[in-house]
Amino acid sequence: MTQVSLCDQGAAFLAAGLVAKYDTVQSTRSIINIWDELRQNIHIDSRLDYLVALLTQGRLMDLRIKKGNYLKLAQDNMNTIRRELVIALTQTLLGEQNGTDVLAESYIVRLNDVASATITGTFIRISKKVETIKEIMDIWVKIRGMKIVNDNNEFLAVLFATSRMSDLRKLLESGGPELIFENFPALLSAIEPDLKVTKLDLAAAHITIAIVTQTPEIETNAEVVNIWKDLKTDLQLEDDDINIISAILTGGLIQNRTKRIPQDNIKEFFITIKGKLQEILESGASDQG
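Described in the following lines is the structure provided in the data block. (Residues numbered from 1 in each chain as written. Predicted model: local features only at pLDDT ≥ 70, side-chain atom pairs only at ≥ 80, totals over all residues. Heavy atoms only, no water.)

Next up on the list: the nonpolar core. Trp 35, Leu 38 and Leu 249 are the most contacted members of the largest nonpolar core, which has 93 residues in total. With residues near it in sequence (within four places) discarded, Trp 35 still touches Asp 8, Ala 11, Ala 12, Ala 15, Ile 245, Leu 249, Leu 277, Ile 280 and Leu 281. (Core = buried A, V, L, I, M, F, W, Y, C linked by side-chain atoms within 4.5 Å. Buried < 20%, exposed > 50% of the residue type's maximum accessible area, 1.4 Å probe, protein only. Contact = heavy atoms within 4.5 Å.)

Okay, structure coming up:
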């Protein structure tokens, strides 16, 4: 199997966030090129860096991006968010104003941290104001403190919950991102009770998020889960990291559109992106060999 790194997946989130915000329609080639440039120029060497990338995606989707300056914008925001994340993780331990990279690097990033970053990114994207990086970190710390995610099934439910956040925009703006958790138990129960979450399930969930975000109607929990189940069957997803990255990039293209996209077109996006992504990763592996 082609080797996929944390950097490859982190770059996919950044590329998807950038493309989703472009005013002009982007192609599969465009999002692949952006992903490839990002993965070659940004540093995601640890799970802490990966967490920074997730929080940066939310920041990028909160801004108005002009095509062409995305690389520097991503790098600058990642650097600032990393500094704030280090402080958030270590300040309470040290009792000092600034954190320490050494202590932060030893921190074990958990599912709850990643899930909290996903919710934070969605909330700041749909809010009317442009949050500062300090405000973004405060939101993440608050959500993280709720400790809602302990296993993969709860993490999958969080992904479904973020897909509904756009539908519940008015409630979220008036009450904050924690309101989404009132709906969390119902979403969790809507998932297959004996499901052991795989990468296939996560890949389908990333596309589900984009589809539900773009539809004008408000989907129920059952409808969200049914979209997810249908995608797993129709796209013939496989249980590997390439499918997850392809799904994340496909989601970016879906959110780049202003109208509902037929499922056949979504399938075409996914197949095209996955094929090109495999070529790039296999070529890179050959060069290293």
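Here Ser 116 is to be found in helix α6 (residues 111–126). Among the polar contacts listed, one links the side chain of Ser 116 to the backbone oxygen of Asn 112, at a separation of 2.7 Å. Not counting residues up to four positions away in its chain, the partners in contact with Ser 116 are Trp 140, Ile 143 and Arg 144. (Helix = DSSP H or I, 4+ residues; strand = E, 2+ residues; numbered from the N terminus. Polar contact = N/O pair within 3.5 Å; in protein donor to acceptor, adjacent residues only side chain to side chain.)

The end-to-end C-alpha distance of helix α3 (residues 47–62) is 23 Å, a good match for the 22 Å that 16 residues give at a rise of 1.5 Å each. For α3, the tally of buried residues reaches 15 of 16 residues, placing the bulk of the element in the interior. (Expected span 1.5 Å × (residues − 1).)

Summarising the element assignment, Arg 257 is placed in the loop between α13 (241–256) and α14 (263–288). Although buried, Arg 257 forms no salt bridge, and the nearest oppositely charged side chain, Glu 268, lies 9.5 Å from it. When residues no more than four places from it in sequence are discounted, the contact partners of Arg 257 are Val 25, Gln 26, Gln 214 and Phe 269. (Lys, Arg positive; Asp, Glu negative; His and termini not counted. Salt bridge = Lys/Arg side-chain N within 4 Å of Asp/Glu carboxyl O.)

If you walk through the whole model with that rule in mind, you get two aromatic pairs. Taken together, a centroid distance of 5.3 Å and an interplanar angle of 70° make the contact between Phe 160 and Trp 228 edge-to-face. With Phe 160 in helix α8 (residues 152–164) and Trp 228 in helix α12 (residues 221–234), the pair connects residues that are 68 residues apart, well separated along the chain. Considered together, Phe 160 and Trp 228 belong to a single accessibility category, that of buried residues. Its end group placed over the ring of Trp 228, Lys 232 keeps NZ or CZ at 3.9 Å from the ring centre. (Phe/Tyr/Trp six-rings, centres within 6.5 Å; stacked < 30°, edge-to-face > 60°. Lys NZ or Arg CZ within 6 Å of the ring centre and 35° of its normal.)

On to the packing of helix α1 (residues 6–21) against α13, then. Direction vectors running N to C along α1 and α13 enclose 10°, while the axes themselves pass 7 Å from each other. Classified by the interaxial angle, the pair formed by α1 and α13 is roughly parallel. On the side of α1, the interface is formed by Asp 8, Gln 9, Ala 12, Phe 13, Ala 15, Ala 16, Val 19 and Ala 20, while α13 contributes Asp 241, Ile 244, Ile 245, Ile 248, Leu 249, Gly 252, Leu 253, Gln 255 and Asn 256. Split into classes, the residues belonging to the contact of α1 with α13 amount to eleven nonpolar, four polar and two charged. (Axes fitted to C-alpha atoms, helices over the stretch in contact; angles between N-to-C directions. Parallel < 35°, antiparallel > 145°, perpendicular 65-115°, else oblique. Nonpolar A, V, L, I, M, F, W, Y, C, P; charged D, E, K, R; others polar.)

Taken as a whole, the largest pocket spans an internal volume of roughly 750 Å³. Along the wall of the largest pocket there are 36 residues; nearest its centre are Gln 9, Phe 13, Tyr 50, Phe 155 and His 206. When contributions to the lining of the largest pocket are tallied by element, the ones reaching two or more residues are α1, α3, α6, α8, α11 (199–214) and α13. Among the elements that line the lining of the largest pocket, the one with the most residues is α6, at seven residues. Along the lines of polarity and charge, the residues of the lining of the largest pocket split into 18 nonpolar, 14 polar and four charged. (1 Å grid on protein atoms, 1.4 Å probe; cavity = no way out; pocket = protein on both sides within 12 Å on 5 of 7 lines; lining within 4 Å. Points joined across faces, edges and corners; volume = space filled by probe spheres on them.)

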